[in-house]
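So you can see what is in the structure, the chains are spelled out below.
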Amino acid sequence: MKKLKTIFLSCVLASIAGCSCDDCTYSEEKLPAYANKSGETVKIVAIAEGHSPYEKLIANGDTLYNYPTEEWNVFFLIGCESAYCDTLSRVELHFLNYPQKCLIFDGPIRHDGTDIRSWEPYKKGKKLNNITTYYIAYVYTITPAHRAMAKEEDCQSSTDE
């Protein structure tokens, strides 16, 4: 009974301090997620030097969560601030309707609200629990505006490499 009182008191104190019981007992890690609201299926390709390309399809209306335990993991591509990291990553969005168009994020990371490799365009989403950690999904939303920025000729050059 004493242990139950201690837990209850801890939760009351935590709520006064501004966090829930779950928030105070687990550490938070950002989990990149990709919501496709473009109107068509999108293939996302992540490329880093020394690694095979990672590819996933995202149907229109679906969200892809990039869990760190999966073989497809692009954590190393997102949010890196150093000049060294800028040269290591490339992400391609292939819009698969005809004609196929591609939007390429390559070279130095641009913190311009569009570059998928920067945390800037990601919006905080839902909390996803794990046994020892909880993840906060940070969602990058792919929209018709991204397709409008994409180019047919970029699809050809991305398959040539």
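So, on to the sheet that holds strand β6 (residues 101-105). A sheet is described by the order of its strands in space; here four strands give the open sequence β3-β2-β5-β6, paired in antiparallel fashion. Where the open sheet ends on each side, the last strands, each with one partner, are β3 (54-58) and β6. Taken over all neighbouring pairs, the strand axes of this sheet differ in orientation by 15° on average, direction set aside. Where strand β2 (residues 42-48) lies against strand β5 (residues 89-95), seven bridges are found, and the strand directions are antiparallel. In the strand pairing of β5, Val42 is matched with Phe95.

Here we take up the pattern of salt bridges. Under the defined criterion, the tally for this structure stands at six salt bridges. Glu92 serves as the salt-bridge partner of Arg90, at 2.7 Å between the closest nitrogen and oxygen. Here Arg90 falls in the buried class, since its relative accessible area comes to 8%. Relative accessible area serves as the criterion here: at 3%, Glu92 is assigned to the buried category. A salt bridge links Arg117 to Asp115; the nearest nitrogen and oxygen atoms lie 2.7 Å apart. Linked through salt bridges whose partners overlap, the residues forming this network are Arg90, Glu92 and Asp106.

Calculation criteria
- Residues numbered from 1 in each chain as written.
- Predicted model: local features only at pLDDT ≥ 70, side-chain atom pairs only at ≥ 80, totals over all residues.
- Heavy atoms only, no water.
- Pairing = 2+ DSSP bridges.
- Helix = DSSP H or I, 4+ residues; strand = E, 2+ residues; numbered from the N terminus.
- Axes fitted to C-alpha atoms, helices over the stretch in contact; angles between N-to-C directions.
- Salt bridge = Lys/Arg side-chain N within 4 Å of Asp/Glu carboxyl O.
- Buried < 20%, exposed > 50% of the residue type's maximum accessible area, 1.4 Å probe, protein only.

From the geometry alone we can't say anything about function, so treat these as descriptive.
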